[in-house]
Amino acid sequence: MSLLRRRRTPENEIQSDVEPKLDAEEDDKKSKKKNVKSGKKKKWSCIDNCCWFVGCICCVWWILLFLYNAMPASFPQYVTEAITGPLPDPPGIKLQKEGLKAKHPVVFIPGIVTCGLELWEGHQCAEGLFRKRLWGGTFGEVYKRPLCWVNHMTLDNETGMDPPGIRVRPVSGLVAADYFAPGYFVWAVLIANLARIGYEEKTMYMAAYDWRLAFQNTEVRDQTLSRIKSNIELMVATSGKKAVIVPHSMGVVYFLHFMKWVEAPAPVGGGGGPDWCAKHIKAVMNIGGPLLGVPKSISGLFSAEARDIAVARALAPGVLDTDLFHFQTLEHIMKMSRTWDATMSMIPRGGDTIWGGLDWSPEEGYSPCKSKSRDDAAQNSGHHENQTTDSKAKYYSYGRMMSFGKDAAEAHPSDLKRIDFRDAVKGSNVANNTCDVWNEYQDMGVSGTKAVEEYKVYTAGEIVDLLNFVAPKMMARGNAHFSYGIADDLDDPKYSHYKYWSNPLETKLPNAPDMEIYSMYGVGIETERAYVYKRIPTAGCNIPFQIDTSADDGDEGSCLKSGVFTIDGDETVPALSAGFMCAKGWRGRTRFNPSGIKTYIREYFHAPPANLLEGRGTQSGAHVDIMGNFALIEDIMRVAAGGTSENLGGDQVYSDIFKWSEKINLRL
């Protein structure tokens, strides 16, 4: 038997080890064949499911994109008309059928943030971005390199001008503000309709400027005011007709500054002489102009938030406060925006005289949630009959522009116990040295922030003092360029300084009796008017104040929601700010309008789009969406084509602007 046995060798041992493996592989193959024959499938992993899901999404996306591009351009309009009925002709087609033609050159003045900015010089992190848009467009660089983007959009904290090694400049031409982002129009709809009656680029001019800079600094750095002057003069000379000026949002106060600058003697002014505006301007058609400021600017400067951000913070606590990828969102926004001096041009003007005090406000007793509909509103020149229907509304003192706690917002003035913050001693935080993002709150310490809270309530007249206390470096720049009071004597030589030129309460309109001024703005939308704040514990680096979103009346008809009191307006600018000067301050011959320039109010009651295919709506009264409002566009086109206020029908009023204006005791 031993002779019959195979001798074990190393080769035999290897072969014996391999044979079981081969047998196992053959068994696996056989089992797989059996599974296929029997209909059994391999179990999918999580990765397989994810890949399948992503593939489906991509396929659906490409199919929808193909269908969208293959769809006839008239299809959305066809579907919309099938749902809502025939749509009215756009203003351009309507007026073209009436035989209107281009006559007066038109100048557009963009507002804050709507004008594109591009990079001309930057740091190493911005390599490859020469003449690419840092603001406007796709905002791709915000996602790719957020800290680099913030650094290039931030101005010098001392001068309010370019930081060393960085040059960001406004985009030129009509493309500077036709679209803010792809598909999101600003001036594009108005431009397209004007083109229908013969306008082209030589008869339209977009006065693009760097909206971050103080108004006078746009001239110092870029000679923007001189460019506006020379372009208007050229258009008037070549056309033989005066220009129609159409400013929007902050562009309204920017052009108010321009009208004083162009007539002031050089070198501070443009040297055009006291009759320049009378010779070159037919009408100024202000759209959504914050002539008396915007309460929304206070929350932006004070805590880098507004109602939308406060609500988002309440829905997702901690997200905006988290140092996500070493990027403290609100802290960086505050650091950046506090260097934009132009934001301080929208701090409320006129103090308690205009906005109200602890125990009164022009709009008291009014609730936008229960405001009348368009059909019930007075249509034309209803100055005294336009009364609010909400006579039983809960009492609110909108004059308390900022309150710490809901109780302080609603307390009787005699029950308020306030400790003056102005003489409070500021402390310093131990954590200051470890802060990656500096803001002036780090210099206040716990004692300083507590003093702000203990004052309880701030009116418009105290807001400027508050900002001087919490952000003295920012306000030092702002106070050099802007003023927020009411002039006692407009003939005082001090009012020849450019810091007063953008405040309608501290400057005179030009001597141009044939010129017309229109205030055109939306109403019927809840608009921020006052805030309820709270102080939060901080580690020294965070912003110590937040809008108290828990402050809510809980009533559907309430004006207090998520810590914000609202009033009638266009969602950004209250009707009081947009309309008061044309309703009272400039109406007739006043000390602010000594030549008696005719002023008119054109309000547009907000109507949301009927369906998604209608886009942002043709009857919208929202601050930016109103630029696509057919009625507003038609009004502008009629004046540009040679019409006057008679062709528009004079005043068009839906709000209580005349009633509110009567309550304001301003010497005229």
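The structure displayed is predicted, hence computed values, not measured ones.

Caption draft 1: Region of interest: the overall build of the protein. Broken down by element type, the protein carries 23 helices and 19 strands. Across the 668 residues in the protein, those meeting the buried criterion constitute 52%. Contacts in the protein between residues far apart in sequence, at least 24 positions, make up 76% of those at least 6 positions apart. Here the protein displays about 30900 Å² of accessible surface, and carbon together with sulfur accounts for 56% of that area.

Caption draft 2: Structural view of the state of the cysteines. In the structure shown here, the tally under the stated rule is 1 disulfide. Each sulfur of the disulfide joining Cys125 and Cys148 lies 2.1 Å from the other. In this structure, the disulfide formed by Cys125 and Cys148 twists by about 80° around the S-S bond and is classed as right-handed. One end of the pair, Cys125, is in the loop between strand S2 (117–121) and strand S3 (133–135); the other, Cys148, is in helix H6 (residues 146–153), with 23 residues separating them in the sequence.

Caption draft 3: Expanded view of the packing of helix H18 (residues 460–470) against helix H19 (residues 472–479). Between H18 and H19, the least distance of the axes is 6 Å, while the angle of their chain directions is 125°. Taken together, H18 and H19 sit at an angle that is classed as oblique. Contact residues: Val464, Leu467, Asn468, Phe469 and Val470 in H18; Pro472, Met475 and Asn479 in H19.

Caption draft 4: Quick peek at the packing of aromatic side chains. The tally for this structure, following the rule as stated, stands at 30 aromatic pairs. Judged by centre distance (6.4 Å) and plane angle (70°), the rings of Phe180 and Tyr184 are edge-to-face. For Phe180, a relative accessible area of 19% gives the class buried. On the accessibility criterion, Tyr184 (33% relative accessible area) is partly exposed. Three or more aromatic residues joined by ring pairs make a cluster, and in this case those are Phe302, Phe404, Phe421, Tyr441, Tyr455, Tyr458, Phe469, Tyr531, Tyr533 and Phe545.

Caption draft 5: Quick look at the environment of Leu134. In this structure, Leu134 sits in strand S3. Given a relative accessible area of 4%, Leu134 falls into the buried group. With 18 residues separating them along the chain, Leu134 and Gly116 place their C-alpha atoms 7.7 Å apart. Discounting residues that sit within four places of it in the chain, Leu134 has contacts with Leu117, Glu118, Leu119, Leu129, Phe139, Trp149, His152, Met153 and Val168.

Caption draft 6: View of helix H10 (residues 250–263). The end-to-end C-alpha distance of H10, which contains 14 residues, comes to 21 Å, matching closely the 20 Å that a straight helix rising 1.5 Å per residue would cover. Of all 14 residues in H10, 13 are buried, a share of seventy percent or more.

Caption draft 7: Highlighting the sheet that holds S2. Pairing within the open sheet is antiparallel, and its 3 strands lie in the order S3-S2-S4. The two strands at the open ends of the sheet, each matched to only one other strand, are S3 and strand S4 (167–170). Averaged over all adjacent pairs, the angle separating strand axes in this sheet is 45°, with direction ignored. The pairing of S2 with S3 spans 2 bridges and is antiparallel. What sits directly across from Glu118, in S3, is Arg133. Against the sheet, H6 contacts S2, S3 and S4, and its axis sits at roughly 80° relative to S3.

Caption draft 8: Looking closely at the nonpolar core. The biggest cluster of nonpolar side chains holds 177 residues, and the ones touching the most others in it are Phe108, Trp187, Trp211, Phe302, Val452 and Val470. The dominant element in this core, judged by the number of residues it contributes, is H10, at 10 residues. If we skip the residues at most four places from it in the chain, Phe108 touches Leu174, Trp187, Leu190, Ile191, Leu194, Met204, Tyr205, Met206, Ala207 and Val246.

Caption draft 9: Summary view of empty space enclosed by the protein. Overall, the coordinates contain 4 cavities of 30 Å³ or more when judged by the stated rule. If you add up the space inside the largest cavity, you get close to 50 Å³. As for the largest cavity, its lining consists of Val252, Phe255, Leu256, Met259, Val284, Asn286, Leu291, Ile517 and Trp586. Where the lining of the largest cavity is concerned, the elements lending two or more residues are H10 and strand S9 (281–287). The dominant element in the lining of the largest cavity, judged by the number of residues it contributes, is H10, at 4 residues. Of the residues that constitute the lining of the largest cavity, the class distribution is 8 nonpolar, 1 polar and no charged.

Caption draft 10: Molecular detail of the pattern of salt bridges. What the rule picks out here adds up to 25 salt bridges. A salt bridge links Arg169 to Asp162; the shortest N-O distance between them is 2.9 Å. A salt bridge links Asp651 to Arg587; the shortest N-O distance between them is 2.9 Å. Here the residue Asp651 occupies a position in the loop between helix H22 (645–648) and helix H23 (657–663), and Arg587 occupies one in the loop between helix H20 (575–585) and strand S19 (598–605), the gap between them amounting to 64 residues. Residue classification places Asp651 among the buried residues on the basis of a relative accessible area of 4%. What you see here is one network of salt bridges that share partners, running through Asp162, Arg169, Asp210, Arg212, Arg221 and Asp222.

Rules used in this analysis
All chains use their own residue numbering, which begins from 1 and follows the written sequence. Whole-chain, interface and lining totals are the exception, using all residues; otherwise, since this is a predicted model, local features are given only for residues with pLDDT of at least 70 and side-chain atom pairs are given and counted only at 80 or more. Each side-chain value is derived from all of the structure's non-hydrogen atoms; neither hydrogens nor water enter the calculation. Only DSSP runs of H or I with at least four residues qualify as helices, and only runs of E with at least two residues qualify as strands; both kinds are numbered from the N terminus onward. The rule is simple: take the accessible area with a 1.4 Å probe, protein chains only, and divide by the maximum for that residue type; under 20% is buried, over 50% is exposed, in between is partly exposed. Residue contacts are counted whenever heavy atoms from the two residues lie within 4.5 Å of one another. Here the accessible surface of atoms and residues is derived via Shrake-Rupley with a 1.4 Å probe, and residues count as covered only by protein chains that are part of the display. What counts as a disulfide here is a pair of cysteine sulfur atoms lying within 2.5 Å. Every axis in this analysis is a line fitted to C-alpha atoms, fitted for helices over the stretch in contact. Angles between the N-to-C directions lie between 0 and 180 degrees. Here is the rule for angles: anything less than 35 degrees is roughly parallel, anything more than 145 is roughly antiparallel, 65 through 115 is roughly perpendicular, and the remaining ranges are oblique. Planes of paired rings set the category: under 30 degrees apart is stacked, over 60 is edge-to-face and the rest tilted, where pairs are Phe, Tyr or Trp rings (Trp by its six-membered ring) whose centres lie within 6.5 Å. A helix's residues, less one, multiplied by 1.5 Å, set its expected span. Being paired, for any two strands, means DSSP has found at least two bridges between them. The nonpolar core is taken to be a set of buried Ala, Val, Leu, Ile, Met, Phe, Trp, Tyr and Cys residues, with the residues joined through side-chain atoms within 4.5 Å. Only protein atoms enter the 1 Å grid, on which a cavity is a set of points fitting a 1.4 Å probe that cannot get out and a pocket is an open set with protein on both sides within 12 Å along at least 5 of 7 lines, lining residues being those with an atom within 4 Å of a point. Grid points are joined across faces, edges and corners, and a volume is the space filled by probe spheres set on the points. Each residue is assigned to one of three groups, with Ala, Val, Leu, Ile, Met, Phe, Trp, Tyr, Cys and Pro labelled nonpolar, Asp, Glu, Lys and Arg labelled charged, and all others, Gly among them, labelled polar. Salt bridge, as used here: a side-chain nitrogen of Lys or Arg that lies within 4 Å of a carboxyl oxygen of Asp or Glu.

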